[in-house]
Amino acid sequence: MTASRHASPQAWEFRLAEAFASAIGDLADLVLDVLQDGHVTRENLDRLALLAPSEIGSESDERRPCQNVLLTPAGANDEAGRRAAGPFF
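Predicted model only: the values in this text are computed from it and were never measured. (Residues numbered from 1 in each chain as written. Predicted model: local features only at pLDDT ≥ 70, side-chain atom pairs only at ≥ 80, totals over all residues. Heavy atoms only, no water.)

**Quick word on a negative patch on the surface**
1) Next: Together, Asp26, Asp29, Asp33 and Asp37 make up a region of like negative charge exposed at the surface.
2) Next: Tracing the backbone through its elements, the reader meets Asp26 in the loop between helix H1 (11-24) and helix H2 (27-37). (Patch = residues over 30% accessible without salt bridge, like charges linked within 9 Å, V, L, I, M, F, W, Y side chains within 5 Å. Areas by Shrake-Rupley, 256 points an atom, 1.4 Å probe, with all protein chains shown as cover. Salt bridge = Lys/Arg side-chain N within 4 Å of Asp/Glu carboxyl O. Lys, Arg positive; Asp, Glu negative; His and termini not counted. Charge placed at Lys NZ, Arg CZ, Asp CG, Glu CD. Helix = DSSP H or I, 4+ residues; strand = E, 2+ residues; numbered from the N terminus.)

**So, a nonpolar patch on the surface**
1) Next: A surface patch of nonpolar side chains, amounting to about 330 Å² of accessible area, comprises Val69, Leu70 and Leu71.
2) Next: Considering the arrangement of structural elements, one finds Val69 in helix H4 (residues 63-71).

**Concerning the side chain of Glu62**
1) Next: Structurally, the position occupied by Glu62 is in the loop between helix H3 (42-48) and H4.
2) Next: Buried and unpaired, Glu62 has no salt bridge, with Arg63 as the nearest side chain of opposite charge at 8.7 Å.
3) Next: Beyond its immediate stretch of four places on either side in the chain, Glu62 contacts Leu16, Ala19, Phe20, Ala23 and Ile56. (Buried < 20%, exposed > 50% of the residue type's maximum accessible area, 1.4 Å probe, protein only. Contact = heavy atoms within 4.5 Å.)

**Some remarks on the layout of surface pockets**
1) Next: Each pocket or cavity is described by its volume, and for the second largest pocket that value is around 200 Å³.
2) Next: Lining the second largest pocket are 14 residues, and of these Ala23, Leu50, Leu51, Ile56 and Glu62 lie nearest its centre.
3) Next: The element that contributes the greatest number of residues to the lining of the second largest pocket is H1, accounting for three residues.
4) Next: Within the lining of the second largest pocket, the residues separate by chemical class into 10 nonpolar, two polar and two charged. (1 Å grid on protein atoms, 1.4 Å probe; cavity = no way out; pocket = protein on both sides within 12 Å on 5 of 7 lines; lining within 4 Å. Points joined across faces, edges and corners; volume = space filled by probe spheres on them. Nonpolar A, V, L, I, M, F, W, Y, C, P; charged D, E, K, R; others polar.)

Shown next, in the form of structure tokens:
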């Protein structure tokens with residue numbers, strides 16, 4: 001997809017990004033280091049295990065946006081699909 005045809009970020013994408021950033025806290029620097037270096041130590045991998053989806057708290061700000069992204073029915077990105085799927089946020 002070319003840049004000119006790339007869809008603008010939706011409000012829910014910003015909410016999910018903000019919730020994720022808030023949830024990972026001090027691990028953000030480690031994530032960036034691992035991504036930039038292209039490798040991870042076992043020690044750091046153990047620390048990063050806290051970022052697994054199974055570690056998302058049931059009442060966290062991150063939970064609902066993640067569920068909505070992962071469980072959105074096919075076609076829910078068009079107007080008719082969004083109406084059929086109901087409210088997400």
